[in-house]
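Each chain is listed here by its residues.
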Amino acid sequence: MRTAARSEPRGYARPVDHETDLADARQEYADAVLALVAAIPAGRAMTYGLVAEIVAESLGRGGPRQVGQVLARSDGDGPGDAELPWWRVVNAAGSPPAHHLTTALTNLRAEGCPLRPGGERVDLRRAVWFPEQPPASR
């Protein structure tokens, strides 16, 4: 019994558009980072590394530098066109981005975020936020 002729030779794989796949993966990662940063409550903070760890739990990829790249490329708008609270993401020492230090510290102070003596770094022991925490707890 003969089968219908195949339109493609045996073993032929359809072309994969790697550029589109990569762009989709980058956008998926960026969306996850931006959604998490948008959820950080006022007066609280997260480190780039913590954001990366939490996003990696669901996506299995990324690191602190990628989080920084996403925030640097962001237009400042978060999910739902709300202003993205980028100043709530700091490095492991609690320092905001050096090139936006004044703006970040102004916003953190206005929100009542606990700062270290000297007021130049976030007191991460008191300010760190984990998504499973209710936003009202401090």
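Residues numbered from 1 in each chain as written. Predicted model: local features only at pLDDT ≥ 70, side-chain atom pairs only at ≥ 80, totals over all residues. Heavy atoms only, no water.

A. Local environment of the overall build of the protein chain. Looking only at helices and strands, the protein chain has five helices and two strands in total. Taken from the N to the C terminus, the helices and strands of the protein chain come in the order α-β-α-α-β-α-α. Scored against the burial criterion, the 138 residues of the protein chain give a buried share of 33%. In the protein chain, of all internal contacts separated by at least 6 residues, the share reaching a separation of at least 24 is 61%. (Helix = DSSP H or I, 4+ residues; strand = E, 2+ residues; numbered from the N terminus. Buried < 20%, exposed > 50% of the residue type's maximum accessible area, 1.4 Å probe, protein only. Contact = heavy atoms within 4.5 Å.)

B. Representation of the nonpolar core within the structure. If you look at the biggest cluster of nonpolar residues, it comprises 19 residues, and the most contacted ones within it are Tyr-29, Val-33, Val-37, Met-46, Val-51, Val-67 and Leu-71. Mapped onto this core, the elements with two or more residues apiece are helix H1 (18–39), helix H2 (48–59) and helix H3 (64–73). Here the element with the most residues in this core is H1; it accounts for six residues. Listed in part, the 11 residues of the second largest apolar core include Ala-45, Ala-104, Val-122 and Ala-127. (Core = buried A, V, L, I, M, F, W, Y, C linked by side-chain atoms within 4.5 Å.)

C. Region of the structure containing helix H4 (residues 101–111). Looking at H4, one finds that the buried residues are Ala-104, Leu-105, Leu-108 and Glu-111. Buried residues in H4, looked at end-on, bunch into an arc of 130°, giving them a common side. Facing away from the buried surface of H4 by more than 90 degrees, the exposed residues are Thr-102 and Ala-110. One or two residues past the end of H4 sits Gly-112, with phi positive at roughly 80°. (Arc of directions from axis to C-beta.)

D. Structural view of H3. All buried positions along H3 are accounted for by Val-67, Val-70 and Leu-71. Within H3, the buried residues cover an arc of 95° as seen down the axis, which keeps them to one side. Seen from the open side of H3, the exposed residues pointing more than 90 degrees away from its buried face are Arg-65, Ala-72 and Arg-73.

E. Focus on the confidence of the model for the protein chain. Of all residues in the protein chain, 78% attain a pLDDT of 70 or more, and the chain-wide mean is 86. Predicted confidence for residues 134–138 stays below pLDDT 50, and this span has nine contacts to residues more than four positions away or in other chains. (pLDDT = per-residue confidence, 0-100.)

F. Geometry of the side chain of Asp-123. Note that Asp-123 resides in the loop between H4 and helix H5 (124–127). On the basis of relative accessibility, which here comes to 9%, the residue Asp-123 falls in the buried class. Apart from residues no more than four positions distant in its own chain, Asp-123 is found in contact with Pro-114, Leu-115 and Arg-116.

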